[in-house]
Amino acid sequence: MEQAAAEEHFRSLVPDRGPVLERLEKEAAERDIPIVGPSLGNLLYLLTLTSMSQKVLELGTATGYSTIWLAKAAQNLQGRVHTYERDAKLAEEAKRNIKDAGYHNIVTVHTEDITEALPKMADSFSLIFVDIEKEAYAQVLPDLVDILKPRGLLIADNAGFEEVRSFNERLAKTDGFDTAFLHGFFAGHSPERDGLAIARKRVS
Ligand SMILES: C[S@@+](CC[C@H](N)C(=O)[O-])C[C@H]1O[C@@H](n2cnc3c(N)ncnc32)[C@H](O)[C@@H]1O
């Protein structure tokens, strides 16, 4: 397929996602909020479901768009989602959106800088999704490696960003993980051409 035709084709294939997610996509476009969009959102949903992840940690909530995709899967598994947002206004907005989508009982929005929360975190998680300031990815990696359960998934958005290069290189060299890096077109993602890292922790 020619590139423009392929992009149009894959944009036409994104799944129905209900009024709340569609409203958040519209608002994100109007307000220039970078969200994962429907194709990666759907992938997060599928990865959470297929990995049977009942304890999900998200770094970078914004308005709660990706959180809702994760929560949709977690609810199917009787699981929970913890998400961290350092901007208090965005965190409040995310709480309202998550409530509108019906997931407030299984999602906790923490209004805190994750780089401060991580060193004190005692919990472990079966899926961790990273989508914070890109310069902090490499800094948080060692703590994330520690708190991810065996067989757990670590997923990092924006792996195609220059600022994420050192994180990718460190992740690729991290012992005890099987890792895939993807680069391509993700319909509705901000930006639509980007990368994604997916790493699974081996059982030692
Ligand atoms: C790319 S947006 C998240 C988008 C969201 N994951 C989605 O797809 O709907 C990144 C968010 O992370 C927040 N953030 C950045 N660095 C952070 C940090 N160190 N701790 C907590 N939140 C952070 C920003 O305020 C911003 O709202």
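Quick note: structure is the one above.
Quick notes on the rules
For every chain, the first residue of the written sequence is number 1, and numbering continues from 1 along that sequence. Since the coordinates come from a predicted model, pLDDT governs what is reported: local features require at least 70, and pairs of side-chain atoms require 80 or more to be given and counted, while whole-chain, interface and lining totals use all residues. Heavy atoms from the whole structure form the basis of all side-chain values; hydrogens and water molecules are not counted. Comment: elements are numbered from the N terminus, with helices defined as DSSP H or I runs of at least four residues and strands as E runs of at least two. Two N or O atoms form a polar contact when they lie within 3.5 Å of each other; inside protein one atom must be a possible hydrogen donor and the other a possible acceptor, and for residues adjacent in sequence the pair counts only when both atoms belong to side chains. Residue contacts are defined here by distance: any two heavy atoms, one from each residue, within 4.5 Å place the two residues in contact. Nearness is judged by heavy atoms alone; a residue qualifies as near a molecule or strand once a single heavy atom is within 4 Å of it. Each accessible area is a Shrake-Rupley result for a 1.4 Å probe, and residues are judged covered by the shown protein chains and nothing else. In this count, Pro and Cys sit with the nonpolar residues alongside Ala, Val, Leu, Ile, Met, Phe, Trp and Tyr, while Asp, Glu, Lys and Arg are called charged and the others, Gly among them, polar. To pair, rings of Phe, Tyr and Trp, with the six-membered ring standing in for Trp, must have centres within 6.5 Å; the planes then decide the type, stacked if under 30 degrees apart, edge-to-face if over 60, and tilted in the middle. We count a charge as sitting over a ring when the NZ of a lysine or the CZ of an arginine lies within 6 Å of the ring centre and within 35 degrees of the ring normal.

**Some words on the side chain of Asn 168**
Turning to its location among the elements, Asn 168 is positioned in helix α8 (residues 165-172). Among the polar contacts made by the side chain of Asn 168, one reaches the main-chain carbonyl oxygen of Ala 159 at a distance of 2.8 Å. Not counting chain neighbours up to four residues away, the residues in contact with Asn 168 comprise Ala 159, Phe 181 and Ala 197.

**Quick notes on unusual backbone geometry**
Put simply, Ser 190 and Pro 191 share a cis peptide bond, and its omega is -5°. By the element assignment, Pro 191 lies in the loop between β6 (177-185) and β7 (193-201). Phi angles above zero are rare outside glycine, and Asn 158 is one such case at about 60°. Mapped onto the fold, Asn 158 is located in the loop between β5 (148-157) and α8.

**Some points on the site of the ligand**
With respect to spatial proximity, 19 residues lie near the ligand, and among them Val 36, Gly 60, Ser 66, Glu 85 and Asp 131 are the closest. A distance of 2.8 Å separates a nitrogen atom of the ligand from a polar side-chain atom of Asp 131. Measuring from a nitrogen atom of the ligand, one finds a backbone N or O atom of Glu 133 at 3.3 Å. Contact with the protein chains removes 92% of the 600 Å² of surface that the ligand exposes when unbound. Counting residues per element, the ones that place at least two in the shell around the ligand are α4 (65-76) and β2 (80-85). Taken together, the residues of the shell around the ligand sort by class into nine nonpolar, three polar and seven charged.

**Regarding the packing of aromatic side chains**
Two aromatic rings are characterised by how far apart their centres lie and by the angle between their planes. By the definition in use, this model includes one aromatic pair. Here Lys 55 stacks its cationic end above the ring of Phe 125, 5.0 Å away from the centre of that ring. Across the ring face of Tyr 45, the terminal group of Lys 72 is positioned such that the distance to the ring centre comes to 4.4 Å.

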